[in-house]
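# Structural characterization, general
Listed below are the residues making up each chain.
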Amino acid sequence: MPVDMVRDAAVDVLLRVFERGVFLDVSLDRTLRRKDISDRGRRFLTHLVYGTVRHRVLCDYILQPLLEQTLDKLPMPIHVILRMGVYQALFLSQVTFPAMVHTSVDLAKKRGHAGTSRLVNAVLKKVPQTLDDVTFPSRDSHPVDYMRIRYSMPRWIVDAWFKEFGLEGAEAMCEASNEHAPTTLRINTVRTSVEAAQERLLKTGYLVEKRTPIPEELTLIEGTPPARSKLFHEGLFIIQDPASMLPPHLLEPKAGDRVLDMSAAPGGKTTHMAQLSGNGAWIVAMDVSAQKLELVSENLERLGLSGVHCVAGKGERPPFTSGFNRVLVDAPCTGLGTLRRHPDMKWRLKPSDPEELAAIQLRLLRSALALCENGGLVVYSVCTLSKAETVGVVDAVLEDGGVTPDEGPAWLDQWKIRPGMYRILPQKGGLDGFFLMRLRKGS
């Protein structure tokens, strides 16, 4: 019997991730571009590889007692097939248990030999079919171990969240980080309205609905991600998480403003600021990578937005000294608020990363304040939740003096935790985790 083409493609994707350290989204995109797979197959492939990476600790926890040798002694293709099997058994209700076993055995025959196929058959027939059948460490007496295994998280991340948010809060963070993230659109209100865009999307087969308070957001409920659709190429929308739409709203760019986006690529927030200003602001989109700035230019052209000037430069040593009354610092960070979209990221991060990145973030924020004129606004944003990268950076700048917290629009108050400071937790409202601070430079 021939192997299942989609599952075989999933093995290729996961081998690149687990063996070579390729980013999951890059590995998946490479396979989707090279193979002729139906839309239904593409959706299943995406769920399968993302789910297997997302739950890899849990899969290994279940597999190890069923094996005579340690998992690291297995050939990696067989290890991948076993992980995929456990994920399907526990989380993909549309796959029957017998189908999971026999497709996995077929893959093991192709990727290994008769012995490995027998091993896969024997092991997967013994795996539990529901989470209720899995014996975890005690949630009460060993909460960090419980969450680390149940939600497949690095211990240091669970420990940090447990110390800051307690057991209930930390578990909610872990659970939200393992959810499937929907595709969300930011409607380009320079070219259309949210209502008109929703109607056109529905007519072309995309079921979308309004799910958040963020004005330009629509969430895809049914249909393939519309990045190849005619409406996308007409510039009616850009694909973007709703939480990352908040920094431009907090900065409030208006016609006549001189705006700097210090880390502009690939252009989601830059184009949003141009959109909010009605193409009336003078915006500098700066990024350290000139190549990535080409993506900003492409998005600007597709969306029909103007007034933006792309400049290659480092935020810590910018190629200008002043001239802006609004500056956005969307700083590089650990990305702990976006793990549902990038599950492989949690395995790339190190415990030292938050502190190391906080030092860079602080330099960028101080540079932004130096470039901002007196009376102007600076917004600092990161898609993470570690104390070092959020309140730690902001409090250090406040201690420097010369700036004060500044309140944003009233509709953002649902996320306000201190004057001018906003935090979006991923378990509340279905958004990515985010932190934002609005500062007014003293006059």
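Scroll up to find the structure.
Notes on the structure in this doc start here. (Residues numbered from 1 in each chain as written. Predicted model: local features only at pLDDT ≥ 70, side-chain atom pairs only at ≥ 80, totals over all residues. Heavy atoms only, no water.)

### Looking at helix α1 (residues 5-20)
Across its 16 residues, α1 extends 22 Å between first and last C-alpha, which sits within 8% of the 22 Å expected from 1.5 Å per residue. Burial of α1 is extensive: twelve of the 16 residues sit out of reach of the surface. All of the buried residues in α1 are Val6, Arg7, Asp8, Ala9, Ala10, Val11, Val13, Leu14, Leu15, Arg16, Val17 and Phe18. Capping the start of α1, Asp4 holds a side-chain oxygen 3.3 Å from the backbone nitrogen of Val6, two or three residues further along. Positive phi shows up at Gly21, right after α1, with a value of about 75°. (Helix = DSSP H or I, 4+ residues; strand = E, 2+ residues; numbered from the N terminus. Expected span 1.5 Å × (residues − 1). Buried < 20%, exposed > 50% of the residue type's maximum accessible area, 1.4 Å probe, protein only. Polar contact = N/O pair within 3.5 Å; in protein donor to acceptor, adjacent residues only side chain to side chain.)

### Points about the packing of aromatic side chains
A complete count under the given rule lists nine aromatic pairs for this structure. Geometrically, the ring pair formed by Tyr380 and Phe435 is edge-to-face, given 6.5 Å between the ring centres and 70° between the ring planes. In this pair, Tyr380 sits in strand β9 (residues 372-382) while Phe435 sits in strand β13 (residues 434-441), placing the two residues 55 residues apart along the sequence. A relative accessible area of 0% means that Tyr380 is categorised as buried. For Phe435, a relative accessible area of 1% translates into the label buried. Taken together, the aromatic side chains of Tyr61, Phe136, Tyr146 and Tyr151 make up a single cluster linked through ring pairs. Between the NZ or CZ atom of Arg302 and the centre of the ring of Phe232, over which it lies, the distance is 3.7 Å. (Phe/Tyr/Trp six-rings, centres within 6.5 Å; stacked < 30°, edge-to-face > 60°. Lys NZ or Arg CZ within 6 Å of the ring centre and 35° of its normal.)

### Things to note about the packing of α1 against helix α2 (residues 24-34)
It is at 9 Å that the axes of α1 and α2 come closest, and there the two elements cross at 145°. Handedness of the α1/α2 crossing: right-handed. Here α1 contributes Ala9, Asp12, Val13, Arg16, Val17 and Arg20 to the contact with α2, which in turn contributes Leu24, Ser27, Leu28, Arg30 and Thr31. (Axes fitted to C-alpha atoms, helices over the stretch in contact; angles between N-to-C directions. Left-handed = near helix turned anticlockwise from the far one by under 90°. Contact = heavy atoms within 4.5 Å.)

### Some thoughts on the sheet that holds strand β4 (residues 237-239)
In spatial order, the strands read β2-β3-β1-β4; together these four strands make up an open sheet with antiparallel pairing. Two strands in the sheet have a free side with no partner beyond their single neighbour: β2 (207-209) and β4. Across the sheet, the mean angle separating the axes of adjacent strands is 35° when strand polarity is ignored. Sheet topology note: the strand β1 (residues 184-187)/β4 ladder contains three bridges and is antiparallel. Looking across to β4, one finds that Leu185 is bridged to Ile239. Lying on the sheet, helix α13 (residues 268-276) is in contact with β1 and β4; it crosses β1 at an angle near 35°. Contacting β1 and β4, helix α14 (residues 290-303) crosses the sheet at an angle of about 145° to β4. (Pairing = 2+ DSSP bridges.)

### With respect to the side chain of Asp432
Mapped onto the elements, Asp432 comes out in the loop between β12 (421-424) and β13. Residue classification places Asp432 among the buried positions, given a relative accessible area of 4%. Within the local environment of Asp432, its side chain forms a polar contact with the side chain of Arg340, the two groups lying 2.8 Å apart. A polar side-chain atom of Asp432 sits 3.1 Å from a polar atom in the side chain of Arg341.

### Things to note about the nonpolar core
Ranked by internal contacts, the top residues of the largest apolar core, which has 70 residues, are Leu45, Val49, Val127 and Trp161. Those residues in contact with Leu45 that sit more than four places away from it in its chain are Val6, Ala9, Ala10, Leu28, Thr31, Leu32 and Ile37. (Core = buried A, V, L, I, M, F, W, Y, C linked by side-chain atoms within 4.5 Å.)

### Things to note about the pairing of strand β6 (residues 282-287)
Summarising burial for β6: five of the six residues are buried, a large majority. Two strands pair when backbone bridges link them, and strand β5 (residues 258-261) and β6 are joined in this way by four bridges, in the parallel orientation. Note on β6: the bridge partner recorded for Val259 is Ile283. You can see the chain leave β5, run along α13 and come back into β6, and the turn it takes is right-handed. In terms of strand pairing, β6 meets strand β7 (residues 308-312) through five bridges, oriented parallel. (Right-handed = clockwise from strand over helix to strand, strands pointing away.)

### Looking at the packing of helix α5 (residues 76-91) against helix α7 (residues 114-124)
Here α5 crosses α7 at 25°, and the two axes come no closer than 11 Å. Relative to α7, the element α5 is oriented roughly parallel. In the crossing of α5 with α7, the sense of the turn from one axis to the other is right-handed. Together, Ile78, Ile81, Leu82, Gly85 and Val86 of α5 and Thr116, Leu119, Val120, Val123 and Leu124 of α7 make up the contact between the two elements. A per-class count over the contact of α5 with α7 returns eight nonpolar, two polar and no charged. (Parallel < 35°, antiparallel > 145°, perpendicular 65-115°, else oblique. Nonpolar A, V, L, I, M, F, W, Y, C, P; charged D, E, K, R; others polar.)

### Thoughts on the pattern of salt bridges
On inspection of all chains with the given rule, the structure shows 34 salt bridges. Across the pair Arg111 and Asp12 runs a salt bridge, and its minimum N-O distance is 2.8 Å. Within this pair, whereas Arg111 is found in helix α6 (residues 97-111), its partner Asp12 is found in helix α1, the two being separated by 99 residues in sequence. One salt bridge in this structure joins Asp29 and Arg33, with 2.8 Å as the shortest N-O distance. With Asp29 and Arg33 both in helix α2, this residue pair falls four residues apart, about one helical turn. Three or more residues are tied together by salt bridges with common partners; here these are Asp8, Asp12, Lys110 and Arg111. (Salt bridge = Lys/Arg side-chain N within 4 Å of Asp/Glu carboxyl O.)

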